[in-house]
Amino acid sequence: MTCVELQQSLAEIEDGSSAEQQHHLRSCSSCTALVEELALIISSAPELIEADDPSPRVWNSIEIALRQEGLIRSQRAKRPVISSFGARWGWARWMVPAAAVLLIMAGTYVNRRSSSRQMVNNIAPLSTPDVAAAGLNDDELLEAVSDQTPVAQAQYQDNLRRVNEYIQDAKMSVEANPGDEEARRSLLEAYQEKAMLFDMAMDRSLP
Amino acid sequence: MTEPRQRQSTEFNEAEAIERAKQGDAEAFQALYDRHKRRVYSLCLRMTANTAEAEDLAQEAFLQLFRKIGTFRGESAFSTWLHRLSVNVVLMHLRKKSLPVVSLEETTQGGNEEDTPKKDFGADDVALAGSIDRLQLQRAVDSLPPGYRTIFVLHDVEGYEHNEIAGIVGCSIGNSKSQLHKARMKLRDLLRMNRAGKAGIPKQ
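Residues numbered from 1 in each chain as written. Chains lettered and ligands numbered in written order. Predicted model: local features only at pLDDT ≥ 70, side-chain atom pairs only at ≥ 80, totals over all residues.

**Q** Explain the overall build of chain B here, please?
**A** When its secondary structure is counted, chain B shows 8 helices and 0 strands. By the burial criterion, 37% of the 204 residues in chain B qualify as buried. Relative to all contacts within chain B whose residues are 6 or more apart in sequence, the contacts with residues 24 or more apart total 68%. (Helix = DSSP H or I, 4+ residues; strand = E, 2+ residues; numbered from the N terminus. Buried ≥ 20, exposed ≤ 12 C-beta atoms within 10 Å, placed from the backbone. Contact = placed C-beta atoms within 7 Å.)

**Q** Is there a simple way to think about the overall build of chain A in this case?
**A** From N to C terminus, chain A includes 10 helices and 0 strands. Going from the N terminus to the C terminus, chain A shows its helices and strands as α-α-α-α-α-α-α-α-α-α. Expressed as a percentage of the 207 residues in chain A, the buried residues total 32%. Taking the intrachain contacts of chain A between residues at least 6 apart in sequence as the baseline, contacts between residues at least 24 apart amount to 66%.

**Q** Help me understand the interface of chain A and chain B in this model?
**A** Often, the extent of an interface is quoted as the loss of accessible area on bringing the components together. Taken together, the contact between chain A and chain B spans 40 residues of the former and 42 residues of the latter. Where the side of chain A that touches chain B is concerned, the elements lending two or more residues are helix 1 (3-9), helix 3 (29-44), helix 4 (56-68) and helix 9 (150-176) of chain A. At 8 residues, helix 3 of chain A tops the list of elements feeding residues into the side of chain A that touches chain B. Considering only residue class, the side of chain A that touches chain B consists of 25 nonpolar, 8 polar and 7 charged. (Nonpolar A, V, L, I, M, F, W, Y, C, P; charged D, E, K, R; others polar.)

**Q** Looking at this model, I keep getting lost on the nonpolar core. Mind explaining?
**A** Burial of nonpolar side chains together is a common tendency in soluble globular proteins. Grouped together as the largest cluster of nonpolar side chains are 80 residues, with contacts concentrated most on Cys44 and Ala58 of chain B. Residues in contact with Cys44 of chain B, not counting those within four places in the same chain, are Ala54, Leu57, Ala58, Ser86 and Val90 of chain B. (Core = buried A, V, L, I, M, F, W, Y, C linked by C-beta atoms within 7 Å.)

**Q** Looking at this model, I keep getting lost on the confidence of the model for chain B. Mind explaining?
**A** Close inspection of predicted coordinates is inappropriate for parts of the model with low pLDDT. Residue and element names in this part refer to chain B. In the predicted model, chain B carries a mean pLDDT of 81, and the fraction of residues at 70 or more is 75%. Confidence over residues 104-125 falls short of pLDDT 50; this stretch has 31 contacts with residues more than four positions distant or in other chains. The complex model carries a pTM of 0.61, and its ipTM stands at 0.77. (pLDDT = per-residue confidence, 0-100.)

**Q** Is there a simple way to explain the environment of Ser42 of chain B in this structure?
**A** By the secondary structure assignment, Ser42 of chain B is in helix 2 (residues 26-48). Accessibility expressed as a C-beta count within 10 Å gives 23 for Ser42 of chain B, which makes it buried. Placed 16 residues apart in sequence, Ser42 of chain B and Ala58 of chain B show a C-alpha to C-alpha distance of 9.0 Å. Not counting the four nearest positions on each side in its chain, Ser42 of chain B is found in contact with Glu50 and Ala51 of chain A.

**Q** Honestly, the packing of helix 3 (residues 51-68) of chain B against helix 4 (residues 78-96) of chain B in this entry has me stumped. Any pointers?
**A** A pair of packed helices can be characterised by two numbers: the angle between their axes and the separation between those axes. All names here are of chain B. Running from N to C, helix 3 and helix 4 point in directions that differ by 130°, and their axes come no closer than 9 Å. As summarised for this structure, helix 3 and helix 4 are arranged oblique, according to the angle between their axes. The way helix 3 lies across helix 4 gives a crossing that is right-handed. Facing helix 3, whose interface residues are Leu57, Glu60, Ala61, Gln64 and Leu65, helix 4 presents Leu82, Leu85, Ser86, Val89, Val90 and His93. Classifying every residue of the contact of helix 3 with helix 4 gives 7 nonpolar, 3 polar and 1 charged. (Axes fitted to C-alpha atoms, helices over the stretch in contact; angles between N-to-C directions. Parallel < 35°, antiparallel > 145°, perpendicular 65-115°, else oblique. Left-handed = near helix turned anticlockwise from the far one by under 90°.)

**Q** How should I be thinking about helix 4 of chain A in this particular structure?
**A** Residues lying three or four places apart along an α-helix face the same way, a consequence of the helix completing one turn every 3.6 residues. Residue and element names in this part refer to chain A. In this model, helix 4 (13 residues) spans 19 Å end to end at C-alpha, consistent with the 18 Å of a helix rising 1.5 Å per residue. In terms of burial, helix 4 is a largely internal element, 11 of the 13 residues being buried. Of all the residues in helix 4, the buried ones are Arg57, Val58, Trp59, Asn60, Ser61, Ile62, Glu63, Ile64, Ala65, Leu66 and Arg67. Note on helix 4: the residue one or two positions beyond its end, Gly70, has a positive phi of about 75°. (Expected span 1.5 Å × (residues − 1).)

**Q** I would appreciate a short explanation of helix 6 (residues 146-157) of chain B in the present structure.
**A** Residues and elements named next belong to chain B. The buried fraction of helix 6 is high, at 11 of 12 residues. Of all the positions in helix 6, only Gly147, Tyr148, Arg149, Thr150, Ile151, Phe152, Val153, Leu154, His155, Asp156 and Val157 are classed as buried. Taken from the residues just after helix 6, Gly159 is the one with a positive phi, measuring 85°.

**Q** Looking at this structure, I do not really get unusual backbone geometry. What am I missing?
**A** Glycine aside, negative phi is the norm for most residues, and most peptide bonds take the trans geometry. All names here are of chain B. Even without a glycine there, the phi angle at Ala49 is positive, about 55°. Tracing the sequence through the fold places Ala49 in the loop between helix 2 and helix 3. Classification of Ala49 by C-beta neighbours within 10 Å gives partly exposed; the count is 17.

**Q** Would you explain the confidence of the model for chain A in this entry?
**A** Residue and element names in this part refer to chain A. When the pLDDT values of chain A are averaged, the result is 74; 67% of them are 70 or greater. Within chain A, helix 2 (residues 19-25) carries the highest mean pLDDT (95), whereas helix 5 (residues 83-87) carries the lowest (38). Here residues 76-94 is a poorly scored stretch, pLDDT under 50, and it has 22 contacts once near neighbours within four places are set aside; other chains count. Across residues 116-134 the pLDDT falls below 50, and counting only partners more than four positions away or on other chains, this stretch makes 19 contacts in the model.

**Q** Any chance you could explain the environment of Gln23 of chain B here in plain terms?
**A** All names here are of chain B. You can see Gln23 is positioned in the loop between helix 1 (14-22) and helix 2. Judged by local crowding, Gln23 falls into the exposed class, with 10 C-beta atoms found within 10 Å. Along the sequence, Gln23 and Gly70 sit 47 residues apart, while their C-alpha atoms lie 8.6 Å from each other.

Written out as structure tokens, the structure reads:
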């Protein structure tokens, strides 16, 4: 067996234990060193450093998608919608009052809807310009993630589309049933979802 | 004497978490995610050597898992199911990027440079004796061509057998063994070059 043949045979019998391999190894220090070094690599492989946890945005994206798809059907574990902003004020400080205004406007919209059946037809629904005025503009979110990978950007676009659909569905439910507590709660949750999406986008874009 | 009040366990066991997740329990989903996130992410990172891609792929793997959780019957371990699904997600991604998952090349014949016994760089000075620094090994793995890296991670790091790898990536068992051997040879070269560089030994 030549050195070349020995190396090729290691693909099948990696520890050099066959009779033919052993015969060659007894007289070839280079191939003996090769077998030993490959064995060292093999034994070290399972000990490779395990990565740290993925960033929080991974779970946030998963949770949003599961809620949009209706796979999460129970109440979310209590956590502040904009908790992460408290830890990272910086230039994103403006987001906190903007998100609060959005939620207040959502609450006002919901309360107006439920207060009087007669007023239902006279009150204009919360429109896109109102949302924009609250400081949570879809274009700004997309710009905030524009430096992410195309896959991540597509995910944000998809999540944004889904949460806007969720908001529209919830608004229609409130319009159809102004006195329905569940419908109103769904609408508030929908706005919370959108605020959370902005939360994630800003969180990821911060250094 | 009163019996001490039994403390209510605040932790799910996995079987319970799975059943609750099937019912749409948000905490159950998160518990399952928290329990397995590091291993899934590590697998994705080792196979892609890119943190952003690894996060996206880990996210996709968990989403696929949770969408199918209603069909999980417990015949195999949940972690095995998740792990296999994660591998498939990564491989699909590599295929979409037109990266070779496994080279179609079978064991080479004589005359090819790869078949020539490597010239040692100052032999004993850079021999991989004793132990290998894990960080250096990780960097060497990250430097492997994607096809070699896939096979090495699946077999030597994650413990898949060749027949399993062949089924997952769509190659023959012989090809899997051949590619693994080449991956290990390449790693050996990278590690020796790294040591030679640190020892200031010029290439011959």
